[in-house]
Every structure is written in structure tokens, then in C-alpha cells.
Amino acid sequence: MSYTLGGSGFPLVGPKNFEAGFFAQDKYRATDKLTLTYGVRVDYTKFYNTFLYNPVVVTLNKFYNSTFANTGAAPTAAIQISPRIGFNYDVLGDQSLQLRGGAGMFQGAPPFVWISNQASNSGMALFGSFTGTTNMFNPDVNAYRPTATGGLSSSYSLNVSDPNYKFPKVFKSTLAADKKLGKGWTITAEGTYTKQLNNSVFQNIALPTNGIVTLADGRVRFPYTSVYPWGGSQMGGTAAATSANPKIADAIYLTNSDEGYAATGTIQIQKITKNFMATAAYTRQVAKDASVAGSTAKSMWGGKAVSDNPNNFTAGYSNNYLPHRIIASFVYKKEFTKNLLTSVGLVYEGSPNGTTSYTVNGDVNGDGITYNDLLYVPKAIDEIKFVNASAVGGVADTRTQWEMWNQFTNFIEANPYLKTRRGQFAERNAAALPWTHRLDLNFTQDIKFTAGKTKHTLRLTADIYNFTNLLNKDWGFYFTPTTTSPLTFSKIDTDGKTPIYSFPYQNGITKTPYTRAFTPSSSIGSRWQMQIG
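Residues numbered from 1 in each chain as written. Predicted model: local features only at pLDDT ≥ 70, side-chain atom pairs only at ≥ 80, totals over all residues. Heavy atoms only, no water.

Caption draft 1: Quick look at the environment of Ser226. Tracing the chain through its elements places Ser226 in the loop between strand S12 (220-221) and strand S13 (247-257). For Ser226, the side chain forms a polar contact with the main-chain oxygen of Ile248, separated by 2.6 Å. (Helix = DSSP H or I, 4+ residues; strand = E, 2+ residues; numbered from the N terminus. Polar contact = N/O pair within 3.5 Å; in protein donor to acceptor, adjacent residues only side chain to side chain.)

Here you go:
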């Protein structure tokens, strides 16, 4: 159940909005060779005043960078205009060489789930449940409603939106050329570029603005995770949380940034004949953004791996970043008789098995998140300080500083990415996993027959996924990191700026350290599978 502290609005209903869109497009044949397509889209969004207003929050003036927060304020009504244009140019007039492309602005889908977080995390909404056998089903939603209280809570989390927040919008452009080489051969080159204009980004404005220190490795550290209650024990004070000076665990602020872009280049060659089709393509990509995917505003903020201030809008490699990809397919069809058509197809894909970030286990920067601090990769022993890891199964860690350093540096040197980052931070999503080469096989048999006056086709198929693994048990494997958090943060040294870490064993019972960067995955994706239909 959900209800408001004021006693109204039960069940609690999220924000209401109105959307309208208009699109106009035209095609103009400028010459016999050149065709232009152009258009414009206009989007209008308005939120109604259904957010829950917390009268205390608007009096709080210690938020990060003096940000003003109002849980009752919706993003202002906005009109977004998105023009775009495309062209197709038949260079030689015989369709043997064509240039095509376009550019324009495009608005993304409204992120209502993040905006709705403001309704549920306003300090005015409470959630509850009950378990028991005495409460029977009742169609009246008010039957078991708890008594509303007039007072406000003294402890909660917040979600608020920038009043000038705009829905996601990007600029996209593409340019491609298709060249027919004769005898069914075609080669294509294509490039695309996307630039963020209104990317959705988040800050935790409960973090303090002052008292931030720079650690020995260059990252910042907050003195405490929330400025509220102001003067509370987290600040070394004695103030208790009250409704007028509440304890705010976090206050996630939704706003916009233009940081981020994606650039992709693809070259493809294709051969098509009556019975045979083959295509092969290579794609190179760079993609950076200032946000990561998430289902809630807090996970969007806290899930971004950082080495600087987490409230900065610093672009890093995107979750969708895949630097290289090769894909090829081959299909051969043969009609052995009038009623039997056989086809065999192969699809090959070669690419890294994704990307990952190397982080520290623990909260080095003091932002309250224990899994988002990027790893600093030391180049010498004087750049890191170790402490023994916790005992495992009664077996104590008795290694010296030099033993832990030697084992850690061996792990770094065995990692093709980390060894290039000596004296620097690991980057978000920059570590590409090992390449995987995979073939999928399809066999299709069509049997045509006539029953009475009706013609029928019976199709039999057999698909073998990861056919490479069937050919050889050592092929077609995916590889995953042995660990992406090799160090565990222990504490800050007495100098107030040097982090101290432990380097836990891979197996604490046998005292086996991490030595390899990757290990073969035992998941179903590394095994061949067959499907018959």
C-alpha cells in the first residue's frame, strides 16, 4: 500500500502528464540523380501539478552547490523542435554508385520512470504492507488504510527534478556510399555520428559542497554522505533529526547535460546470386556518455563508475560500447527436385565479449556507494599501501607489503588493459574482454506437396547455435574476468589522504592469489545447442 502523510490521495498516484506530437515530411526530387527528404517533428509535454509538495524541503539550503529542491515542482512545459534532412544521390545515373545520408535532431522517449521517482521519494509518501490471516480480501481500498498523521517524517530519501529539465534529445548524422562491382558484388561504407544534446544525468545533492579532500591517488573524498541533518553526528555535531531538520539519506537530482557522443564506421561487402548470398562486415565504434542505464534515478547515479567527483557530468565509455565487431553470413539454396528445396546457412560473429570496468570493493570517495570507485593502477610500491585481508576459514593472511605488491603487480601485468594504465585510473567500460569467434548453422528443408487442390509446404529446420563448439570443445568459449574488483578498501591512513587496501586471495583457504585476467565462462552461451523444428 502507499499513502500520503497528509491523509489524501490513496492509493498514491504518480504524476500526470499531457503529450502531443506533430510531424511533417516532404520528398523533393531536385534532379534526376538527387532526391531530398526533409521534415520536422514538434513535441510538447506538460506535467500537471500532481507532485507531492514537501514544505520542509524548500527551506533546506545546504544542498550540493546550493541547489534549490522542490518536490512539488514538475519540469516546466516545453516544446522541442526537431528538424531533419536526408538525401540520396545517384552519382552516375545508373544506380551503380549511390551516396546517401542525412542529419537531424531526434527526441527520445520520455523517461517517466525517473520522474515518477519524485512522487514516491518526496518525504510525503509512506509505503507499508501487512501480513496476517485476520485481514480478509476487501474490494474497498480504504478498508485497511492506516490512520494518516499530520506530522512529517524525520528521515527519508528524495528525488527532485530540475525545473528546466528537457527530455533526451540527440543530433544524428550519417553518410554512406554503395558501389556495385558487377556479378552480384556490392561494397558499402557507412559512418554515423551521434551527439548528446539533452542527456538525462543525475546528481546526489545531499552530498556536501565543502570539506572535500583530494586523496593521494588524485580522486576526491567527501567528509560524509549527507549534509542532513545539518549539525548531526555525521558532521561531528549533536543535532538530532527532526521534521524540520530531517535525516536525508540521499537526494537525487535529475537534470541535463550535453556530454557524450557515439561514432561508428562500417565497411561491408555483399555477393548475391540466384542460389547464393554472402555478406561480411566490420564495424569500429567509439561511444561515450555521462550516464549509465538504470531502472531508478538512484541506480542511474550510483551505478556510474567514477574516478572524479560523482556529481560531475564526466563522459566515459558507454554501457553499449563495443570497439570492434565482425559479422558474416552465407546462405546457399538448391532445388534438387521440383518439390524439394534445401538451404544451408552459416552466421559468423567475432567480437570482444563486451567491456567492463575495474573498480575497488568499498567506498573510497565517501559518496555512500561501495561499488562505483574506479581502480587506481599504481606503477610503483610507494603509490599504494596494503593491509592484510580478512581470514578465510580460519586461515590468516600473513603476507608482507612486498609480497602483496609483487602478487598485485603480477595480476596487473597479466591483464592486457590494466598494464596500460600504470599510474592512472582504470576507465569506465574501457576494458574489452577477449574476442569470441562463433558460428551458427541453419539447415532448412522445404517439402512441397499437393493435397486435393491445395498446395502445401512442409518445412523442416535444424539450428545449431555455437556450431564452433560442436566442431571443437575448446572453441566458441566466452571469457569473463576472474575479478573486476581486485582490491578492497580498508580505510584512509592517518595522513588523511592515503587509501589503504587489502588484496584478497582468489582462494583464501589455499592462499592462491589472482594471477589470470580472464577465465572461460561455463554459461550456456559457451556450449553448443541444437533446435529442431
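There is more to say, and it comes next.
Caption draft 2: Fine view of the environment of Gly237. Following the sequence through the fold, Gly237 ends up in the loop between S12 and S13. Judged by relative accessible area, which is 27%, Gly237 ranks as partly exposed. Taking the C-alpha atoms as reference, Gly237 lies 76 Å from Lys33; in sequence the two are 204 residues apart. (Buried < 20%, exposed > 50% of the residue type's maximum accessible area, 1.4 Å probe, protein only.)

Caption draft 3: Representation of empty space enclosed by the protein within the structure. Tallied over the entire structure, the rule returns three cavities of 30 Å³ or more. Space inside the largest cavity adds up to approximately 100 Å³. Lining the largest cavity are 13 residues; nearest its centre among them are Thr45, Thr76, Ala78, Tyr165 and Phe167. Sorting the residues of the lining of the largest cavity by element identifies strand S3 (34-47) and strand S4 (78-90) as the ones contributing at least two each. Among the elements that line the lining of the largest cavity, the one with the most residues is S3, at four residues. For the lining of the largest cavity, the residue count by class is six nonpolar, four polar and three charged. (1 Å grid on protein atoms, 1.4 Å probe; cavity = no way out; pocket = protein on both sides within 12 Å on 5 of 7 lines; lining within 4 Å. Points joined across faces, edges and corners; volume = space filled by probe spheres on them. Nonpolar A, V, L, I, M, F, W, Y, C, P; charged D, E, K, R; others polar.)

Caption draft 4: Structural detail: helix H3 (residues 401-413). Taking 1.5 Å per residue as the helical rise, H3 with its 13 residues ought to reach 18 Å, and the 18 Å between its terminal C-alpha atoms agrees with that figure. Every buried residue of H3 is listed here: Met404, Trp405, Gln407, Phe408, Thr409, Phe411 and Ile412. As for H3, its buried residues are in contact with strand S22 (376-377) and strand S23 (385-386). (Expected span 1.5 Å × (residues − 1). Contact = heavy atoms within 4.5 Å.)

Caption draft 5: Spatial organisation of the layout of surface pockets. In this structure, the largest pocket occupies an estimated 540 Å³ of space. Lining the largest pocket are 25 residues, with Gln196, Asn199, Asp289, Ser318 and Asn320 sitting closest to its centre. Here the lining of the largest pocket gets four residues from one element, more than from any other, and that element is strand S15 (residues 276-289). Here the residues of the lining of the largest pocket are counted per class, giving eleven nonpolar, eleven polar and three charged. Put simply, the second largest pocket is a space of about 220 Å³. If you go around the second largest pocket, you meet 16 residues; those closest to its centre are Thr314, Ala315, Gly316, Leu374 and Arg428. For the lining of the second largest pocket, the class distribution of residues is seven nonpolar, three polar and six charged.

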